[in-house]
Amino acid sequence: MKLAVLVSGSGSNLQSIIDHVEAGHIAAEIAVVFSNKEDAYGLTRARYHGIPTAVIQHTEFTDREAFDAAMVRALQEHGADTVALAGFMRMLTPVFLNAFPMRVLNIHPALLPSFPGTHGQHDAATFGVRLAGCTVHFVDEKMDHGPVVIQAALPVTPGIAGDDLAGQILRLEHRVYPQALAWMAQDRIRLDGRIVHIEGSGVPVCDTDGVGPYLVNPPLEDDFAA
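Residues numbered from 1 in each chain as written. Predicted model: local features only at pLDDT ≥ 70, side-chain atom pairs only at ≥ 80, totals over all residues. Heavy atoms only, no water.

Colleague: Any chance you could break down the environment of Glu29 for me, citing the residues and the numbers?
Modeller: Mapped onto the elements, Glu29 comes out in strand E2 (residues 29–35). We classify Glu29 as partly exposed; its relative accessible area is 42%. If sequence neighbours within four positions are ignored, Glu29 has contacts with Met1, Lys2 and Leu3. (Helix = DSSP H or I, 4+ residues; strand = E, 2+ residues; numbered from the N terminus. Buried < 20%, exposed > 50% of the residue type's maximum accessible area, 1.4 Å probe, protein only. Contact = heavy atoms within 4.5 Å.)

Here it is, written out as structure tokens:
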């Protein structure tokens, strides 16, 4: 699998993906790390690992479709066939999605369909939920709407600050996103409408390791559970 990772900021999920690729847990090559911001720290992470980078600033285009067409050309020039959004703060149009049909994944820091948008963790904390978590999903034309691949949930301490909850969720993101990409690379993901099936997956698991108690479904496999 030739993977393009799109970032707009620090790229901590990118780092987790890089680490798992380098460890041999994901049968993929990161073909390029792309950003719409030239100062995104995710680009620095990529360069440290010798991964090609590309930057196209969206402000240079008059509409989203033109920007997306430029992104497609840049990613295809690097041979990418799969795309992972890792804190990429742009909505994608059909121009982009049709170039990578059902090959674009995103990680969202909430249990979709609850709390979509850019502040899912903080919205969950403010609402006072008792369970929060993250979701890896396919990307479609609507925000945080595509079919769900994997979710992880953890208990929420009443009154927890949004930043503290975000930190707890982020540690789960770093597990479930690489796991989803590994399934993609192994061609184990099957879609039935909105329902995602993972070939060879077992029953949900609840773990209580250093991250704390959490529930993951489908379950993490060995390379991603530790």
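Colleague: Before we move on, can you summarise helix H3 (residues 64–77) with the specific residues and values?
Modeller: In this model, H3 (14 residues) spans 20 Å end to end at C-alpha, consistent with the 20 Å of a helix rising 1.5 Å per residue. Among the residues of H3, Phe67, Asp68, Ala70, Met71, Val72, Ala74 and Leu75 are the ones counted as buried. The secondary structure elements touched by the buried residues of H3 are strand E1 (2–7), E2, strand E4 (82–85) and helix H4 (94–97). In this structure Asp63 caps H3, since a side-chain oxygen of it lies 3.2 Å from the backbone nitrogen of Glu65. At the exit of H3 stands Gly79, carrying a positive phi of roughly 80 degrees. (Expected span 1.5 Å × (residues − 1). Polar contact = N/O pair within 3.5 Å; in protein donor to acceptor, adjacent residues only side chain to side chain.)

Colleague: Give me the lowdown on the environment of Phe88, citing residues and values where you can.
Modeller: By the element assignment, Phe88 lies in the loop between E4 and H4. By relative accessible area, Phe88 is classed as buried at 7%. Separated by 73 residues in the primary sequence, Phe88 and Ala161 have C-alpha atoms spaced 24 Å apart. The residues touching Phe88, leaving out its near neighbours within four places in the chain, are Leu6, Val7, Ser8, Phe34, Asn36, Phe67 and Met71.

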